[in-house]
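# Fold and geometry: a report
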Amino acid sequence: MELSITVVLLASLLFLGLLISAGNERQRKAIDGLREQAEAWAEQDIRIKREKVAREISVPNPLAWLESVSAAALGEPPKLLSLSTWQKDNLVALIALCADGRRLIFTPVPRKRLLDALKEKKSALAGMSSTLLGDKPAKTPFWELSVVSSGMFFDIEATQVWHSVLGFPLPGGRLSLYEVPGPGK
């Protein structure tokens with residue numbers, strides 16, 4: 001009799017734990033949804049407020065603008081030396097070389113899509129070649145840049161930089177910034 005009570009009690013405790021876990025996961029998803037909605041609202045609010053000033057904005061030096069945006073994201077100026085472009089299978093990125101050897105990659109491609117595109121089939125030679133994001137793309141530090149995180153006029157300035165460097169408009173008003181360590185680091 002005591003054994004059956006113990007089994008029933010343990011089973012009910014396990015069931016209660018599963019219910020609590022399921023409830024916590026549901027709340028986490030709801031909070032994530034609220035955060036995304038709040039960010040979208042803030043972005044739209046910023047766009048409405050800046051409409052008058054937006055026509056006067058001009059970015060004469062793309063490398064200097066990328067330096068200032070990346071310095072705000074990284075917390076220190078990266079000292080950019082040069083800027084080049086990268087294109088592969090409808091993916092595009094700007095690659096900025098820093099004085100310390102690291103590369104900063106700016107791309108409008110969503111992280112998941114970029115990581116999927118950079119995956120190579122496993123082979124003996126796959127370990128010898130490096131991708132756009134280095135040897136371990138999934139572990140490359142990244143920052144999402146938008147009007148919410150990088151300034152009220154970010155999308156306008158980013159579009160101007162994108163157009164002046166690549167010759168076509170930036171798809172969307174966001175960029176992802178990846179910091180790829182230099183060789184041997």
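What comes next is a walk through the structure.

Cut-offs and rules
Residues numbered from 1 in each chain as written. Predicted model: local features only at pLDDT ≥ 70, side-chain atom pairs only at ≥ 80, totals over all residues. Heavy atoms only, no water. Helix = DSSP H or I, 4+ residues; strand = E, 2+ residues; numbered from the N terminus. Rg over C-alpha atoms; globule rule 2.2 N^0.38 Å. Patch = residues over 30% accessible without salt bridge, like charges linked within 9 Å, V, L, I, M, F, W, Y side chains within 5 Å. Areas by Shrake-Rupley, 256 points an atom, 1.4 Å probe, with all protein chains shown as cover. Salt bridge = Lys/Arg side-chain N within 4 Å of Asp/Glu carboxyl O. Buried < 20%, exposed > 50% of the residue type's maximum accessible area, 1.4 Å probe, protein only. Pairing = 2+ DSSP bridges. Contact = heavy atoms within 4.5 Å. Axes fitted to C-alpha atoms, helices over the stretch in contact; angles between N-to-C directions. Expected span 1.5 Å × (residues − 1). Arc of directions from axis to C-beta.

Tallying secondary structure elements over the protein chain gives five helices and five strands in all. The helix and strand sequence of the protein chain, counted from the amino end, reads α-α-β-β-β-α-β-α-α-β. Radius of gyration (C-alpha) of the protein chain: 23 Å, far over the 16 Å computed for a compact globule of 185 residues. When the backbone C-alpha atoms are referred to their principal axes, the protein chain occupies close to 85 × 55 × 30 Å.

The subject of this paragraph is a nonpolar patch on the surface. The grouping of Leu-9, Leu-10, Leu-13, Leu-16 and Ile-20 at the surface amounts to a nonpolar patch, some 490 Å² of accessible area in total. Along the chain, Ile-20 turns up in helix H1 (residues 2–54). For Ile-20, a relative accessible area of 47% puts it in the partly exposed group.

Another point: unusual backbone geometry. The backbone phi angle of Asp-89 is positive, close to 50°, even though this residue is not glycine. By the element assignment, Asp-89 lies in the loop between strand E1 (80–88) and strand E2 (91–98). Classification of Asp-89 by relative accessible area gives exposed; the value is 63%. Even without being a glycine, Asn-90 presents a positive backbone phi close to 65°.

Here the focus is the pairing of strand E5 (residues 175–180). Buried residues dominate E5, accounting for six of its six residues. With five bridges joining them, strand E3 (residues 103–107) and E5 adopt antiparallel strand pairing. When the sheet's bridge partners are listed, Thr-107 is paired in E5 with Ser-176. Pairing between strand E4 (residues 142–145) and E5: four bridges, direction antiparallel. If you follow Phe-142 over to E5, its bridge partner there is Tyr-178.

With that out of the way, let us pick up the side chain of Thr-140. With respect to the element layout, Thr-140 can be found in the loop between helix H3 (111–118) and E4. Contacts of Thr-140, omitting those with residues within four sequence positions, involve Arg-111, Leu-133, Tyr-178, Glu-179 and Val-180.

As a further point, take the sheet that holds E3. Here we have five strands laid out as an open sheet, ordered E1-E2-E3-E5-E4, and antiparallel in their pairing. Two strands lie at the open edges of the sheet, namely E1 and E4, each paired on one side alone. The sheet shows a mean angle of 20° between the axes of neighbouring strands, taken without regard to direction. With respect to the sheet, helix H2 (residues 62–74) is in contact with E1, E2, E3, E4 and E5, its orientation differing from that of E1 by roughly 95°. H3 contacts E1, E2, E3, E4 and E5 of the sheet and is inclined by roughly 90° relative to E2.

Quick look at the pattern of salt bridges now. In the structure shown here, the tally under the stated rule is eight salt bridges. Here Arg-35 makes a salt bridge to Glu-36, at a shortest N to O gap of 3.9 Å. For Glu-36, a relative accessible area of 48% gives the class partly exposed. Note that Arg-102 and Asp-100 form a salt bridge whose closest N and O atoms lie 2.8 Å from each other. According to the relative accessible area criterion, Asp-100 is partly exposed, its value standing at 38%.

As for its placement among the helices and strands, Ser-146 is situated in the loop between E4 and helix H4 (147–150). Sequence-distant contacts of Ser-146, defined by excluding residues within four places in its chain, comprise Gly-151, Phe-154, Gly-173 and Arg-174.

Here helix H5 (residues 154–166) contains 13 residues, and its C-alpha end-to-end distance of 17 Å stays within 8% of the 18 Å for a straight helix at 1.5 Å per residue. For H5, the complete set of buried residues consists of Phe-154, Asp-155, Ala-158, Val-161, Trp-162 and Leu-166. Along the axis of H5, the buried positions cluster into a sector of 125°, meaning they face one direction only. In the segment just after H5, Gly-167 is the residue with positive phi, at about 85°.

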